[in-house]
Amino acid sequence: VPDMRGLFLDEAEIMLENHNLFPKVIDSVYNKDKKLGTIIEQIPGPNSTVKKNRPIYLIINSKQVRQVPVPDVTDLSYRQAQAMLKVIGLEVANVEYKPSEYKDLVIDVKYRGMSITPGMRIPEGSSLILVVGNGLGSGQSMVPALKGMNLEDAKLVISTDSLIIGAVDYDIEPSGNEADYVIYRQRPGSGKTVSSGTRIDVWLSKDKSLLDKVFEEDREETTKESEDEFF
């Protein structure tokens, strides 16, 4: 029996045919240290003696890179996030700093220049960019109106104002297309002036009737802020 480890299946077929044997693939695994699609184990082993016209059982390395889900590393420290990503085979290629009220915590994760959501599957070994907070900026921004937007659109809008999405609350656990969920409440409210890097908490639902609802907690907050300004 010849040694076929490291060969592709078609190469093994030719080699075995010359020895009056034939291959039979019994399993496929993923080994990142071996070439994709190559033989990583054989039974019987190399230099074994078998009768003619017998099968040689092969274990093949997967032809595709394993896809791994990106963990939720937002609000973790840069070091914690980097360690968590490394454990599952993902690398941090770069760090971008952005104004945030929580210094040194991860705000966002980017893959190929685009923000990605936790749970998204990407090839093992991929490089990511971590967006990390560096404290509140000295600039001031006016909070935009986010009502009626889905979460991804809201992220784009507030990023241009040096703001970030904070807590995200769904009235019902999201299922299906998350673009169907719209923001019906936000805090701080639109029109308020805040420091660059301030977090905007949002509430989402598929129920569009909530867009017109006025929440007592928000009314009380507005009243308190007005009284503080007066005094």
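Our subject is the structure that appears above.
Let me begin by describing the structure that accompanies this report. Just so you know, these numbers come straight off a predicted model, no measurement behind them. (Residues numbered from 1 in each chain as written. Predicted model: local features only at pLDDT ≥ 70, side-chain atom pairs only at ≥ 80, totals over all residues. Heavy atoms only, no water.)

1. What to know about the pattern of salt bridges
Inclusion rule: Basic side-chain nitrogens of Lys or Arg form a salt bridge, by our definition, when they fall within 4 Å of a carboxyl oxygen of Asp or Glu. For each residue, the accessible area found with a 1.4 Å probe, counting protein chains only, is set against the maximum for its type, and the residue is called buried under 20%, exposed over 50%, and partly exposed in between. Segments assigned H or I by DSSP are reported as helices when at least four residues long, segments assigned E as strands when at least two residues long, and all are numbered from the N terminus.
A complete count under the given rule lists five salt bridges for this structure. A salt bridge links Asp-3 to Arg-5; its shortest N-O distance comes to 3.0 Å. Take Asp-3: its relative accessible area is 39%, and that puts it in the partly exposed class. As a salt-bridge pair, Arg-199 and Asp-75 come within 2.7 Å of each other at their nearest N and O atoms. Of the two residues, Arg-199 is situated in strand 14 (residues 199-205) and Asp-75 in the loop between strand 4 (67-69) and helix 2 (78-87); the sequence distance between them amounts to 124 residues.

2. Concerning the sheet that holds strand 11 (residues 164-170)
The condition that has to hold: The rule for pairing is simple: two strands pair if DSSP sees at least two bridges between them. To get an axis, a line is fitted to the C-alpha atoms, and for a helix only the part in contact is used. The angle between two axes follows their N-to-C directions and goes from 0 to 180 degrees.
Pairing is mixed across the open sheet formed by three strands, whose spatial order is 11-14-12. Either end of the sheet is taken by a strand with one partner, and the two such strands are strand 11 and strand 12 (182-187). This sheet shows a mean twist of 30° between the axes of neighbouring strands, independent of strand direction. Bridge count between strand 11 and strand 14: five bridges; the pairing is parallel. The residue of strand 14 that forms the bridge with Ile-165 is Ile-200.

3. Observations regarding the nonpolar core
Defined as follows: We define a nonpolar core as any set of buried Ala, Val, Leu, Ile, Met, Phe, Trp, Tyr and Cys residues linked to one another through side-chain atoms lying within 4.5 Å. For this analysis, residues touch if any pair of their heavy atoms sits within 4.5 Å.
Ranked by internal contacts, the top residues of the largest apolar core, which has 15 residues, are Val-73, Leu-85, Leu-90, Val-106, Val-109, Leu-128 and Leu-130. Within the residue set of this core, elements represented by two or more residues are helix 2, strand 6 (106-111) and strand 9 (127-133). Residues contacting Val-106, with those up to four places away along its chain left out, are Val-73, Thr-74, Asp-75, Leu-76, Ser-77, Tyr-78, Ala-81, Leu-130, Val-131 and Val-132. Counting residues in hydrophobic clusters, the runner-up holds 14 residues, among them Leu-151, Tyr-170, Tyr-181 and Val-202.

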